[in-house]
2 protein chains.
Amino acid sequence: MEFPDEVDYVSGKTRIFGIVGHPIEQVRSPEMFTAEFRRRGRDAILVPLHVLPDEFDTVLPQLLRVQNLGGLVFTIPYKARACAFADVLGEQGRAVGAINALARSPDGRWHADIFDGLGCVEAFRRRDIPFAGKRVMLLGAGGAGSAIAVAVGRERPAALRIFDVDAERATALGLKVARASPGLDVQAGAPATEGVDILLNASPVGMLGDARLPIDVATLPRRLVVFDAIVKPERTPLLALAEACGCTTVFGLEMMRGQISRMVDFFLV
Amino acid sequence: MEFPDEVDYVSGKTRIFGIVGHPIEQVRSPEMFTAEFRRRGRDAILVPLHVLPDEFDTVLPQLLRVQNLGGLVFTIPYKARACAFADVLGEQGRAVGAINALARSPDGRWHADIFDGLGCVEAFRRRDIPFAGKRVMLLGAGGAGSAIAVAVGRERPAALRIFDVDAERATALGLKVARASPGLDVQAGAPATEGVDILLNASPVGMLGDARLPIDVATLPRRLVVFDAIVKPERTPLLALAEACGCTTVFGLEMMRGQISRMVDFFLV
């Protein structure tokens, strides 16, 4: 007798992970995390879970009771609200006030942290570009920018300058970073490339069809290392200008790859 | 830049289905349903969801609020308890008092039914063996047996006789079937092959390492059609004897395949 067809990537033994967001269709985590689990030889899958904002606080605690759920990734708009479900909150998450990963530990407690910033640091580490001693300019103090500022701040740069179109938001982030990394020269201020070694864009300027630069310049100094957190397009207007000017460029996909690697480490403890 | 590896079988757009049970590792639905979804060209996956008995009633309603969840399959020990979550309960489910599928309909209501029995009927239909006018003997009045009795009863057999080691259970099932199919000649009684055209085993006797027969006979009449609901082993002691005696045999896997096909129809309305 012929046996009914079966797929080989999910079974009763597969460990389940999820990404929780609203909306959910655009997320890239399911295909990327699942590939990373497989690369490590683990029988695990990450699936999209669309939870509505009005139901998040009641759905989440019950979702966590599914026994073979190994962890959750959080995306917009839940990174701050998800903190409420952490039994143990990591250093980055505490400093940023948001998380993007919740992992079930062997003792049943939920460990939480945010990895956007660590992903950026990991991308630079893989390129052998240290932040230590460097003067860093960060554009954008939103969710991704906050995590990047906190993580980069821990790397002991010579100085960290933060710009945001919302000046108060930049100042507030500067205070967070100063608290997390006492003694660090951190300030909010206008975008600049003068006296800067590493330029980080964490603002949405340049995303998708947006042809603008996040900083109003015609050229960039060749010595500058330029990073853009944007993933689509891969080569943003800022990175294209940086390449044209002979700068070293670090791509958003490198941060995403670094982040997924760190998060899978976190999930598989 | 090389893009991080991705798998091609799950993304943010994938519709999620689950099987809820306790324990969960032994279930076969994830690989089989997912294969059936793919065969039909649908971007959907069915994952195992291990929910504890003490938490079932609080977890379930919140799980149903995950917006991209298309449906759930229920297995041991939840087929009866799951009825509580049906907005619309199908005819089979009503007659049996248990469900194994809950499907989100386009209007947001949850439709429920049980398909074990329909899967058995479907398997016979695919073999062109009608139940109509036949004298049927059913062994086993548990969960699977109940669903099979109700579904077969609707096919207008000449008579349906039900045996269970628990005589009260057999009698109770006889009453359920009589209610669902008024006028049908249905009774509880001892196992027999005399005056029987179709012998159905829905008892666990013969499962896995169990070498016993569910009916105490040395041979089977050649004219008999013999079905066994057991999937492992594929060729049960009863089916092996039936083959040796020249009977027509119908396998548990055929029922499972028929059931999955009917359930995927139900899920994809």
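In this text the structure is predicted, and so the values were computed from the model without any measurement.

Observations concerning the sheet that holds strand β9 (residues 186–188) of chain B
Residues and elements named next belong to chain B. Pairing is parallel across the open sheet formed by six strands, whose spatial order is β9-β8-β7-β10-β11-β12. Two strands lie at the open edges of the sheet, namely β9 and β12 (248–250), each paired on one side alone. Across the sheet, the axes of successive neighbouring strands diverge by a mean angle of 15°, strand direction being ignored. With four bridges joining them, strand β7 (residues 135–139) and strand β10 (residues 198–201) adopt parallel strand pairing. When the sheet's bridge partners are listed, Val136 is paired in β10 with Ile198. Sheet strands in contact with helix α4 (residues 116–126) are β10, β11 (225–228) and β12, and its direction is about 140° off that of β11.

Some details on the interface of chain A and chain B
Across the boundary between the two partners, chain A contributes 47 residues, which contact 47 residues of chain B. A buried area of about 4,400 Å², summed over both sides, lies between chain A and chain B, and 64% of it is on carbon and sulfur atoms. Joining chain A to chain B, the criterion identifies six salt bridges. Here Arg39 of chain A makes a salt bridge to Asp5 of chain B, at a shortest N to O gap of 3.5 Å. Inspection of the region where chain A meets chain B yields 16 residue pairs in polar contact (both at pLDDT 80 or more).

Structural notes on the pairing of β10 of chain B
Residues and elements named next belong to chain B. Where burial is concerned, the two faces of β10 agree: the one with Ile198 and Leu200 and the one with Leu199 and Asn201 are both buried. Bridging between β10 and β11 involves four bridges; their strand directions are parallel. Residue Asn201 lies in a different strand from β11, and its bridge partner there is Asp228.

Overview of unusual backbone geometry
Residues and elements named next belong to chain A. Between Ile76 and the following residue, Pro77, the backbone shows a cis peptide bond with an omega angle of 5°. Its location among the elements puts Pro77 in the loop between β3 (69–74) and β4 (88–89). In this model, Leu208 sits at a positive phi of 50°, which is unusual for a non-glycine residue. Among the secondary structure elements, Leu208 is positioned in the loop between β10 (198–201) and β11 (225–228). Judged by its relative accessible area of 60%, Leu208 falls in the exposed class.

Describing the packing of helix α1 (residues 29–39) of chain A against helix α8 (residues 252–267) of chain A
All names here are of chain A. Where α1 contacts α8, the axes come no closer than 10 Å and their chain directions differ by 60°. Classified by the angle their axes make, α1 and α8 are oblique. Where α1 crosses over α8, the two elements pack in a sense that is right-handed. The residues of α8 that touch α1, namely those facing Met32, Phe33, Glu36 and Phe37, are Met256, Ile260, Ser261, Met263, Val264 and Phe267.

Quick word on the confidence of the model for chain A
Low pLDDT means the predicted coordinates in that region are not meant to be read closely. Confidence along chain A averages 95 in pLDDT terms, with 99% of residues attaining 70 or more. For this predicted complex, the interface score ipTM comes out at 0.88, while the overall pTM is 0.89.

Rules behind the numbers
Residues numbered from 1 in each chain as written. Chains lettered and ligands numbered in written order. Predicted model: local features only at pLDDT ≥ 70, side-chain atom pairs only at ≥ 80, totals over all residues. Heavy atoms only, no water. Pairing = 2+ DSSP bridges. Helix = DSSP H or I, 4+ residues; strand = E, 2+ residues; numbered from the N terminus. Axes fitted to C-alpha atoms, helices over the stretch in contact; angles between N-to-C directions. Contact = heavy atoms within 4.5 Å. Buried area = accessible area lost by both parts, 1.4 Å probe. Salt bridge = Lys/Arg side-chain N within 4 Å of Asp/Glu carboxyl O. Polar contact = N/O pair within 3.5 Å; in protein donor to acceptor, adjacent residues only side chain to side chain. Buried < 20%, exposed > 50% of the residue type's maximum accessible area, 1.4 Å probe, protein only. Parallel < 35°, antiparallel > 145°, perpendicular 65-115°, else oblique. Left-handed = near helix turned anticlockwise from the far one by under 90°. pLDDT = per-residue confidence, 0-100.

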